[in-house]
Amino acid sequence: MGLSSWTTALGALVATAALPVTAAPSPTVSARGETCARPYVRKEWRHLSDGQRQQYIGAVQCMMKEPGTATATLSIVRNRFEDFLATHVKQTDFVHFVGIFYPYHRLLLAEYEKALWDCGWDHALGQPFWDWTLDTGSKEAFLNSPIFDTTLGFGGNGAYIPGNLSHPELPGFTVGPPNDIPDRSGGGCVVDGPFAGLGTYFGPQNNTEPKAALRCLRRDFSYDSLRERASPAQIQAAMAIDTYGNFEFVTDSQSYHPAGHWGVGGLYGTMTDTYASPGDPIFFLHHSNVDRAWWSWQMRDLAAHEKDMSGPLVMFDYANKLGGNATLETPVWVGLGESRVEVKVADLMHIQKGPLCYTYESLY
Ligand SMILES: [Cu+2]
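Computed from a predicted model, the values in this text were never measured in an experiment. (Residues numbered from 1 in each chain as written. Predicted model: local features only at pLDDT ≥ 70, side-chain atom pairs only at ≥ 80, totals over all residues.)

**Observations regarding the nonpolar core**
- Counting 84 residues, the largest nonpolar core has I100, Y256 and I282 as its most contacted members.
- Once residues within four sequence positions are removed from consideration, I282 is found in contact with W130, I147, F154, V264 and M271. (Core = buried A, V, L, I, M, F, W, Y, C linked by C-beta atoms within 7 Å. Buried ≥ 20, exposed ≤ 12 C-beta atoms within 10 Å, placed from the backbone. Contact = placed C-beta atoms within 7 Å.)

**Re unusual backbone geometry**
- The peptide bond linking G203 to P204 adopts the cis configuration, its omega dihedral lying at -5 degrees.
- Unlike most non-glycine residues, F97 shows phi in positive territory, near 60 degrees.
- Tracing the sequence through the fold places F97 in the loop between α2 (80–95) and α3 (101–118).
- We classify F97 as buried; it has 23 C-beta atoms within 10 Å.
- Within the chain, N320 stands out as a residue other than glycine whose phi angle is a positive 55 degrees.
- By secondary structure assignment, the location of N320 is in the loop between α10 (302–305) and β6 (331–334). (Helix = DSSP H or I, 4+ residues; strand = E, 2+ residues; numbered from the N terminus.)

**Observations concerning the UniProt feature "domain: Tyrosinase copper-binding" (unreviewed entry) in the chain**
- UniProt's feature table lists "domain: Tyrosinase copper-binding" (unreviewed entry) at residues 280–291, given in the numbering used throughout.
- This span, residues 280–291, is 83% helix and 0% strand, and a straight line between its end C-alpha atoms measures 18 Å. (UniProt positions renumbered as here; feature names shortened; annotations may be inferred.)

**Considerations on the packing of α2 against α3**
- Contact geometry for α2 and α3: axes closest at 11 Å, N-to-C directions at 170 degrees. When the axis of α2 is compared with that of α3, the two are roughly antiparallel. Along the contact surface, α2 presents R80, F84, H88 and V95, while α3 presents F101, Y104, L108, Y112 and A115.
- Its residues assigned to classes, the contact of α2 with α3 shows seven nonpolar, one polar and one charged. (Axes fitted to C-alpha atoms, helices over the stretch in contact; angles between N-to-C directions. Parallel < 35°, antiparallel > 145°, perpendicular 65-115°, else oblique. Nonpolar A, V, L, I, M, F, W, Y, C, P; charged D, E, K, R; others polar.)

Below is the structure:
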């Protein structure tokens, strides 16, 4: 499959004690087994009003100014936004190309949503999503996507930097996707939009050591990589998959999940970094749509798919040579330090039950 370069040595998992979660401004939390009364709505980015888009961007910028709860655990965490980057970097080796890929990211987004609300995001609205299929019609449509708008979006591409996977020309670049992304078109730091000049000490990959200089947010747009794996036909093919185990394997490692990462991140971009990709705020819109795709698939046969969990416990161990499969009882946690929350897979199988209470404005 040529996916071996996605794997690396296992990073050290930071074990922290589970602490009570502070009350979040979420809607009614339902008892297990019942659906919640008033789910908030996750909408496509371009279906938000101009004012809502400004409010969302303002909430993300606010998170970048609020103190991080993980700083006591990991000193390079500078703010609340980086709490999510930090936990993702530390957990990457245990939550990708495994059964809990979908439940983990569902929980990560639910917690991110609470942090957005703490920063002024509309309580009736959840984490917006980026429906890639709306931008796979043509390269022009992709480049002009409202997602990349410089005032009401997340800004655009980086300047072009030459190189390929075998011969990267960017100093400090250590890993890329499992192919050369020949359609890549950027690679430089993001210089326009509300996140121009954004930087972090995280990365590349699982690096969490303080360094002299911040690493900038990079984008390396690769339209063909998006279109080939996240077109409407690809999504419908995924929707027709029979079991969660097969669905997880195909979509996590081969179809729309890597497509969104590579389409924005190309070779050098932040979004292509398996560990540090949440350093690009677009990550959360991409993963909201990944979650929407899982829910769309679940809704094809909810009674069965609400309980369908499998997939390896160990990264890429789809043949179960190293361990077993995830079950409804498998624990899932996010957050370092006092923001840590832990639930079971069973609590994350329905988006209006247990700790979850949201809906999508439309499904695949
Ligand atoms: Cu991830």
